Amino acid sequence: QVQLVESGGGLVQAGGSLRLSCAASGSIVSIAAMGWYRQAPGLQREMLASITSGGSTNYAASVEGRFTISRDNAKNTVYLQMDSLKPEDTAVYYCNAEIRISPFRRSSAYWGQGTQVTVSS
């Protein structure tokens, strides 16, 4: 059984910062890409940032330059540093990871439970 547990969400004023964490635990053989998504009410889930096991990153245009993704492979943890937050960043934030639980099986996508981020104007 694999779990992704997110933390670090909350309420912040516009222009402020938050740091999200997502730790993977369980029977993990390896983790490939990890990423962060968000979903605001009435909207589709949006990919924000991703990072490979080697550290290559990719960002959505809406957050590039304001958000930074990083990971600690030894801790199976991915982070999202969010700076210069705007009210339109308000959403539920989810982490995602491509995890292999057996050397004889392909990796599968796992999701965290989500953490609320609210940015007040």
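Before reading on, note that the structure itself is shown above.
Quick summary incoming for the structure in this document. (Residues numbered from 1 in each chain as written. Predicted model: local features only at pLDDT ≥ 70, side-chain atom pairs only at ≥ 80, totals over all residues. Heavy atoms only, no water.)

If you walk through the whole model with that rule in mind, you get 1 aromatic pair. Arranged with centres 4.9 Å apart and planes meeting at 65°, the rings of Tyr-37 and Trp-111 form a pair that is edge-to-face. A residue pair is termed long-range when its members are at least 10 positions apart, and Tyr-37 in strand E4 (residues 30-39) and Trp-111 in strand E10 (residues 108-111) qualify at 74 residues. In this structure, Arg-19 is placed above the aromatic ring of Tyr-79, and the distance from its NZ or CZ to the ring centre is 4.1 Å. In this structure, Arg-45 packs its charged tip against the face of Trp-111, placed 4.7 Å from the ring centre. (Phe/Tyr/Trp six-rings, centres within 6.5 Å; stacked < 30°, edge-to-face > 60°. Helix = DSSP H or I, 4+ residues; strand = E, 2+ residues; numbered from the N terminus. Lys NZ or Arg CZ within 6 Å of the ring centre and 35° of its normal.)

A word on the state of the cysteines. Working definition of a disulfide: a covalent bond connecting the sulfur atoms of two cysteines. Evaluated as defined, the whole model comprises 1 disulfide. Paired by a disulfide, Cys-22 and Cys-95 hold their sulfur atoms 1.9 Å apart. What sets the handedness of the Cys-22 and Cys-95 disulfide is the S-S torsion sign, and at about 45° it is right-handed. You can see Cys-22 sitting in strand E3 (residues 18-26) and its partner Cys-95 sitting in strand E9 (residues 91-100), a full 73 residues away along the chain. For Cys-95, a relative accessible area of 0% translates into the label buried. (Disulfide = S-S within 2.5 Å. Buried < 20%, exposed > 50% of the residue type's maximum accessible area, 1.4 Å probe, protein only.)

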